[in-house]
Amino acid sequence: MTDGAFASPAAVEDPDALAVTEQAQGDLAESLRELVDACVRTRVDDGTLMAVAQEVRTLTQRLLARAQSDPLGIEATSDGRLRDHGNPMVGMRNPIAPPLAVTGDADGTMSASLCLGAAYEGPPGCVHGGMVAAVLDQVVGSAPAMIGRPGLTAYLNTSYRRPTVLGTEHVVRGWIEEVDGWKVRARGDIRDPQGRVTAEADALFVVPRWAREHLGTPTGDAAGIDPADTATQGPATS
Ligand SMILES: CCCCCCCC(=O)SCCNC(=O)CCNC(=O)[C@H](O)C(C)(C)COP(=O)(O)OP(=O)(O)OC[C@H]1O[C@@H](n2cnc3c(N)ncnc32)[C@H](O)[C@@H]1OP(=O)(O)O
């Protein structure tokens, strides 16, 4: 099982110290997820709401005492992989990320479990449709990444078959349908505990022209591609 993250081209300087920092970053994000959930569901009195809002602003200032102005992008992590910790679906540092833990099977099928709370409500008791599409985008998109073709979503056609219920464990899957050079068509679905499809997606991921020359030699998990398998071989950069 792997999450398909590419290996970092440069060695991580002090992985042990970085692991401690990551633990603290992850813990902060997790505590904020709990705060967001509490913010949505609380029924405390107005005075308490105002007092807590003031306390939260104070905490925000503490964090901004030292902060970068740019978004996070992709960073090397303590395990020597490249990860996007700010990603709103999988980002360990992002409190609005569920976060999804996407893993790949030997056959290339990517999967993640999904159980969302009140902060993601669309129709009463159900996950917002935009969130459903975003989850599918991420999990289905990780299948091309797994074979060294981390493309951007050119299209994502989502069909909503039945409500995706809040507070219920679902399974999200993504797999490749067809590889055409730098274009990968992939599909995926979300299933409820009874195995019923709640939503499914058909998507195209395209490695942008500007990125192709950097992906000529995939590293990390992507290096597991069989060079003889022409279906997963990118064409010459054009
Ligand atoms: C682990 C990682 C998981 C990641 C999952 C999440 C991914 C995301 O959410 S990405 C964010 C959302 N997507 C975007 O912002 C993408 C915006 N669009 C773009 O950047 C570009 O249009 C992009 C990259 C799709 C293609 O641009 P570019 O690299 O210049 O190539 P371009 O020449 O236009 O197209 C390349 C090929 O794709 C085809 N193509 C492009 N768009 C489409 C489309 N919408 N439908 C069908 N085919 C398309 C073209 O026809 C062309 O085909 P061919 O090579 O056979 O002639």
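- Looking at an unreviewed UniProt entry, the protein chain carries the name Acyl-coenzyme A thioesterase THEM4, with the source organism given as Janibacter alittae.
- In the Sequence similarities (unreviewed entry) part of its UniProt record, the protein chain is described as follows: "Belongs to the THEM4/THEM5 thioesterase family."

1. Some points on the overall build of the protein chain
Right, on to step 1. Regarding its fold elements, the protein chain presents four helices and eight strands.
Right, on to step 2. Starting at the N terminus and walking to the C terminus, you meet the elements of the protein chain as α-α-β-β-β-β-α-β-β-β-β-α.
Right, on to step 3. Buried residues in the protein chain amount to 24% of all 238 residues.
Right, on to step 4. Contacts spanning at least 24 positions in sequence make up 66% of the contacts within the protein chain whose residues lie at least 6 apart.

2. As for the sheet that holds strand β8 (residues 197–206)
Right, on to step 1. Strand order in the open sheet formed by six strands is β3-β4-β6-β7-β8-β5, and the pairing between neighbours is antiparallel. One side of each edge strand has no neighbouring strand; the edge strands of this open sheet are β3 (103–104) and β5 (152–160).

3. Quick notes on unusual backbone geometry
Right, on to step 1. With an omega of -15°, the peptide bond running from Pro 98 to Pro 99 counts as cis.
Right, on to step 2. Its place among the elements puts Pro 99 in the loop between β2 (82–83) and β3.

4. Regarding the environment of Gly 26
Right, on to step 1. Along the polypeptide, Gly 26 turns up in helix α1 (residues 15–41).
Right, on to step 2. Between the C-alpha atom of Gly 26 and that of Asn 94, which follows or precedes it by 68 residues, the distance is 8.4 Å.

5. Remarks on the nonpolar core
Right, on to step 1. Ranked by size, the top nonpolar core spans 28 residues in total, and within it Leu 100, Val 135, Leu 136 and Val 139 carry the most contacts.
Right, on to step 2. Counting residues per element, this core draws most heavily on helix α3 (residues 129–146), which supplies eight residues.
Right, on to step 3. Look past the residues within four positions of Leu 100 in its chain and what remains in contact with it is Met 89, Val 90, Ala 112, Leu 114, Val 135, Gln 138 and Val 139.

6. Brief notes about the UniProt feature "domain: Thioesterase" (unreviewed entry) in the protein chain
Right, on to step 1. In this structure's numbering, the residues bearing the UniProt feature "domain: Thioesterase" (unreviewed entry) are residues 125–198.
Right, on to step 2. Regarding residues 125–198, the helix share stands at 24% and the strand share at 42%, and the terminal C-alpha atoms are separated by 14 Å.

7. Some remarks on the site of the ligand
Right, on to step 1. Around the ligand sit 15 residues in total, of which Gly 141, Ala 145, Leu 152, Ala 154 and Pro 208 are the nearest.
Right, on to step 2. Of all the secondary structure elements, the ones that give two or more residues to the shell around the ligand are α3, β5 and β8.
Right, on to step 3. Residues belonging to the shell around the ligand are distributed by class as follows: eight nonpolar, four polar and three charged.

8. Description of α3
Residues three or four positions apart in an α-helix share a direction because the helix packs 3.6 residues into each turn.
Right, on to step 1. With 18 residues, α3 extends 26 Å between its outermost C-alpha atoms, agreeing within 8% with the 26 Å of an ideal straight helix rising 1.5 Å per residue.
Right, on to step 2. Within α3, the full set of buried residues consists of Val 132, Val 135, Leu 136, Gln 138, Val 139, Val 140, Gly 141, Ser 142, Ala 143, Pro 144, Ala 145 and Met 146.
Right, on to step 3. Those residues of α3 that are buried are in contact with β3, β4 (110–114), β5, β6 (170–180), β7 (183–191) and β8.
Right, on to step 4. Downstream of α3 by one or two residues, Gly 148 has phi in the positive range, about 80°.

9. Observations regarding the confidence of the model for the protein chain
Right, on to step 1. The predicted model of the protein chain averages 90 in pLDDT, with 89% of residues at 70 or higher.
Right, on to step 2. A low-confidence stretch, residues 225–238 stays under pLDDT 50, and its non-local contacts, those more than four residues away or across chains, total 17 contacts.
Right, on to step 3. For this predicted complex, the interface score ipTM comes out at 0.97, while the overall pTM is 0.92.

10. Details of the environment of Glu 121
Right, on to step 1. Topologically, Glu 121 is positioned in the loop between β4 and α3.
Right, on to step 2. The partly exposed category is assigned to Glu 121, around which 15 C-beta atoms lie within 10 Å.
Right, on to step 3. A C-alpha to C-alpha distance of 33 Å links Glu 121 and Ala 65, two positions 56 residues apart in sequence.
Right, on to step 4. Contact partners of Glu 121, with chain neighbours within four places excluded, come to Cys 126, His 128 and Leu 166.

11. A few points about the environment of Ala 145
Right, on to step 1. Counting through the fold element by element, Ala 145 comes out in helix α3.
Right, on to step 2. For Ala 145, a count of 23 C-beta atoms within 10 Å gives the class buried.
Right, on to step 3. Linking Ala 145 and Ala 5, residues 140 residues apart in sequence, is a C-alpha distance of 8.1 Å.

12. What to know about the pairing of β4
Right, on to step 1. With four of its five residues buried, β4 lies for the most part within the structure.
Right, on to step 2. In the sheet, β3 pairs with β4 via two bridges, with the strands oriented antiparallel. When the bridges of β4 are listed, Thr 103 appears paired with Ser 111.
Right, on to step 3. What sits between the antiparallel neighbours β3 and β4 is a turn of five residues, in which Gly 108 has the positive phi angle 90°.
Right, on to step 4. Across five bridges, the pairing between β4 and β6 is antiparallel.

Criteria and cut-off values
Residues numbered from 1 in each chain as written. Predicted model: local features only at pLDDT ≥ 70, side-chain atom pairs only at ≥ 80, totals over all residues. UniProt positions renumbered as here; feature names shortened; annotations may be inferred. Helix = DSSP H or I, 4+ residues; strand = E, 2+ residues; numbered from the N terminus. Buried ≥ 20, exposed ≤ 12 C-beta atoms within 10 Å, placed from the backbone. Contact = placed C-beta atoms within 7 Å. Pairing = 2+ DSSP bridges. Core = buried A, V, L, I, M, F, W, Y, C linked by C-beta atoms within 7 Å. Near = placed C-beta within 6 Å. Nonpolar A, V, L, I, M, F, W, Y, C, P; charged D, E, K, R; others polar. Expected span 1.5 Å × (residues − 1). pLDDT = per-residue confidence, 0-100.

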